[in-house]
Amino acid sequence: MLTRRILITSSLAWPALQAWAATPQAEAVLRTGGVVAAFRHALAPGTFDPPGFRLGDCGTQRNLNDEGRAQARRMGEWFASRALQPSRVRSSPWCRCMETGTLTFGRAQAWDALASPRGVSETTGAANLKTLRQALAEASARRGVFEVWVTHMFVLNDLVGVNTASGEGLILQSDASGAPRVLERLAVPI
C-alpha cells in the first residue's frame, strides 16, 4: 500500500517537475529578433474570473497557484539560461498575467490592449486587436530584439486563431501584408 501511495504521489508531482521547453528553432528566431513572444499566462486553475472581480484587486480574481508560479519561474530559467532578454515585457492588467510576466522576466508593464476580451464591448475588443496588430508590425521591424506579451487564451486566439495551454507561447511576426503569423511555439511539455 505504501509503495502504491508513493507511486501515485510521485505521478501527481511529475508535471510540476517537468522543465518548460522550446525548440532550437524558437531560440534562433528570438535571437534574430523582429518578433513578439506572446504567452498565455501560467497555470491559474478554474475558468473565468468570479462574479464581481475587480482588476485592481487580485483577491477578487482567478490567480496563479503554486504550480503556475513554478511554471512561470521555469519559463524564466529557460530564457535566462540562454541569455535571451526581451526589450520589453507587456502584460494584460489581470493579476495572473502580471504575475506571470514578473516571475518569468522580473518585470511586466500593464497594457490594456492585452486585456481579456470577455466582458468588454465588441468595439473595445476590435480596437484592442487593431492596436495589437499595429504593435506587432512595429515590433517586426525591429531586428535584433524581441518583446514579450503576456495575455489570455482568448486574445491569442482572436489575434492568430491558435489556442494555447497555460504558460504556452507563440512567436509572432507580421507578414508583408501586416497580418500576424505564428513562426514557432514555445510549448509546455506534456
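Residues numbered from 1 in each chain as written. Predicted model: local features only at pLDDT ≥ 70, side-chain atom pairs only at ≥ 80, totals over all residues. Heavy atoms only, no water.

**As for the environment of Thr164**
Stated formally: Runs of H or I in DSSP of at least four residues are treated as helices and runs of E of at least two as strands, each being numbered from the N terminus. Only protein chains enter the accessibility calculation, which uses a 1.4 Å probe; a residue is then buried when its area is under 20% of its type maximum, exposed when over 50%, and partly exposed in between. Here a residue-residue contact requires only that any non-hydrogen atoms of the pair lie within 4.5 Å.
Tracing the sequence through the fold places Thr164 in the loop between α6 (153–160) and β5 (169–174). A relative accessible area of 5% places Thr164 in the buried class. Each C-alpha atom of the pair Thr164 and Met153 lies 5.9 Å from the other, and the pair is eleven residues apart in sequence. In contact with Thr164, other than residues within four places in its own chain, are Arg40, Met153, Leu156, Leu170 and Arg185.

**Examining the packing of helix α5 (residues 122–140) against α6**
To keep things clear, this is the line we draw: All axes here are fitted lines through C-alpha atoms, helices being fitted over the stretch that makes contact, and every angle between N-to-C directions spans 0 to 180 degrees. Working rule for angles: under 35 degrees goes down as roughly parallel, over 145 as roughly antiparallel, 65 to 115 as roughly perpendicular, anything else as oblique. The handedness criterion is simple: a crossing whose near helix is rotated anticlockwise from the far helix by less than a right angle is left-handed, and one whose near helix is rotated clockwise is right-handed. Residue classes follow a fixed rule: Ala, Val, Leu, Ile, Met, Phe, Trp, Tyr, Cys and Pro count as nonpolar, while Asp, Glu, Lys and Arg count as charged, and any other residue, Gly among them, counts as polar.
The contact between α5 and α6 brings their axes to 10 Å, and the two run at 70 degrees. Here α5 is positioned roughly perpendicular relative to α6, judged by the angle of their axes. In terms of crossing hand, the pair formed by α5 and α6 is right-handed. In this structure, α5 uses Leu129, Leu132 and Arg133 to contact α6, whose residues at the interface are Val155, Asp158 and Leu159. Taken together, the residues that form the contact of α5 with α6 break down as four nonpolar, no polar and two charged.

**Details of the pattern of salt bridges**
Formally: When a carboxyl oxygen of Asp or Glu lies within 4 Å of a side-chain nitrogen of Lys or Arg, that pair is called a salt bridge.
One pass over the full model with this rule turns up nine salt bridges. Here Arg185 ties to Glu168 by a salt bridge, and the two come within 2.7 Å at their closest N and O atoms. With Arg185 in strand β6 (residues 180–186) and Glu168 in the loop between α6 and β5, this pair connects stretches of sequence that are 17 residues apart. Exposure remark for Arg185: the relative accessible area of 36% places this residue in the partly exposed category. Salt bridges here are not isolated pairs; linked through shared partners, they connect Glu27, Arg31 and Arg82.

**Some words on the packing of aromatic side chains**
Keep this limit in mind: A pair of Phe, Tyr and Trp rings is counted when the ring centres sit within 6.5 Å of each other, with Trp represented by its six-membered ring. The angle between the planes then sorts it: under 30 degrees is stacked, over 60 is edge-to-face, the rest tilted. Sitting over a ring, as applied to charges here, requires NZ of Lys or CZ of Arg to be within 6 Å of the ring centre and within 35 degrees of the ring normal.
This structure, assessed with the given rule, holds eight aromatic pairs. Both rings, one in Phe39 and one in Phe105, keep their centres 6.4 Å apart while their planes meet at 50 degrees; by these two values the pair is tilted. Of the two residues, Phe39 is situated in strand β1 (residues 35–40) and Phe105 in helix α4 (residues 95–105); the sequence distance between them amounts to 66 residues. With relative accessibility at 0%, the residue Phe39 sits in the buried group. Taking 5.5 Å as the distance between ring centres and 65 degrees as the angle between the ring planes, the aromatic pair formed by Trp111 and Trp149 counts as edge-to-face. With a gap of 38 residues between them, Trp111 in the loop between β3 (109–110) and α5 and Trp149 in strand β4 (residues 146–151) connect regions that are remote in the sequence. The same class applies to Trp111 and to Trp149, which are both buried. We note Arg90 situated over the ring of Trp111; from NZ or CZ to the ring centre the distance is 3.9 Å.

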